[in-house]
Amino acid sequence: MSNYSDQPTIIFDMDGTLLDLAYDDFIWNELLPVRYAELHQCSLAESRDTLFQFYQEHNHTLNWYSSRFWTSKVGVDVLAMQIEHKHKVALRPGCIELLDYLKANGYPIWLATNADCAGLAFKLEQTGLTNYFDVMISSESVGHAKEFVEFWQHLAQQHPFDPARCYFIDDTEKVLNGAAKFGIQQLLTIQQPSSGKAARADSRYPMLHALTDLIPLLQHAEENKIYA
Ligand SMILES: [Mg+2]
């Protein structure tokens, strides 16, 4: 156990947690319908109808998160489209402050994302966050989306961690449900994943507004020696 830090492991989701989901909303709900309509010579309304039907069919599957899948399904190079608009990728409030705090206080920081490997790579490059993370993993490389307990079982095989000494922060309730099944004790969600949409009113999980709201929770656990 010598390579275990004294501090609990903090695992973050990427899109909608550390990064503003407004970027992804723009790509998938605004830009892709326009590009699809241009390519297939249909109206924007028809394009939206078709795409949103595809979205519903594939939501919460590995396909949903795969640029390669969408490129072959809709005929638009969606990875190139995302990279073309990479300047719109933005951090959520408090992201750097929180990561700096965790780093300075010896917390292992992990990134577990459903973004595919190509999406993970270009967003990390764009935001410059790579050096904060001890472990970075895409569900594409695991073979299961984070919504499923199998993702967590595979992650723990590749990178052993104790779910009783772990915080996981993710803006998607079904993902948190998957992590709960695996036994992760401290599960938190995000109150406003996209700056372009209203904050959510409630969740079955405690909500962080600014990411830095995590700091007093960790300090409280430390003061009460919950993980000592
Ligand atoms: Mg997310």
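All chains use their own residue numbering, which begins from 1 and follows the written sequence. For a predicted model such as this one, the threshold for reporting local features is a pLDDT of at least 70, and the threshold for listing and counting side-chain atom pairs is 80 or more; totals across whole chains, interfaces and linings nevertheless cover every residue. Hydrogen atoms and water are omitted, and side-chain values are computed over all heavy atoms in the structure.

The name given to the protein in an unreviewed UniProt entry is Haloacid dehalogenase, type II, with the source organism recorded as Acinetobacter indicus CIP 110367.

**Observations concerning the pattern of salt bridges**
Between side chains of opposite charge, a pair can form when the charged atoms approach closely. Any Lys or Arg side-chain nitrogen located within 4 Å of an Asp or Glu carboxyl oxygen qualifies as a salt bridge. If you walk through the whole model with that rule in mind, you get 7 salt bridges. The salt bridge partner of Lys-123 is Asp-15, with a shortest N-O separation of 2.9 Å. Of the two residues, Lys-123 is situated in helix α6 (residues 117-127) and Asp-15 in the loop between β1 (9-12) and α1 (22-40); the sequence distance between them amounts to 108 residues. We note that Lys-123, like Asp-15, is buried. We note a salt bridge from Glu-140 to Arg-68, for which the minimum N-O separation is 2.7 Å. On the criterion of sequence distance, the pair formed by Glu-140 in helix α7 (residues 139-142) and Arg-68 in helix α3 (residues 67-74) is long-range, its members being 72 residues apart. Only protein chains enter the accessibility calculation, which uses a 1.4 Å probe. A residue is then buried if its area is under 20% of the maximum for its type, exposed if over 50%, and partly exposed in between. For Glu-140, a relative accessible area of 27% gives the class partly exposed. Ionic contacts of the salt-bridge type, sharing partners, join the residues Asp-13, Lys-146 and Asp-170 into one network. Only DSSP runs of H or I covering at least 4 residues are called helices, and only runs of E covering at least 2 are called strands; the numbering of each starts at the N terminus.

**Quick look at the coordination of the magnesium ion**
Only nitrogen, oxygen and sulfur atoms qualify as donors, provided they sit within 2.8 Å of the metal or within 3.2 Å for Na, K and Ca; with water excluded from the atoms, sites may seem incomplete. The coordination sphere of the magnesium ion, as far as protein atoms go, consists of Asp-13 (OD), Asp-15 (O) and Asp-171 (OD), spread over 2.1 to 2.2 Å. For the magnesium ion, the single-chain donor residues occur in sequence as D-x1-D-x155-D. Of this pair, Asp-13 sits in the loop between β1 and α1 while Asp-171 sits in the loop between β4 (166-169) and α9 (173-182), placing them 158 residues apart in sequence. With relative accessibility at 7%, the residue Asp-171 sits in the buried group.

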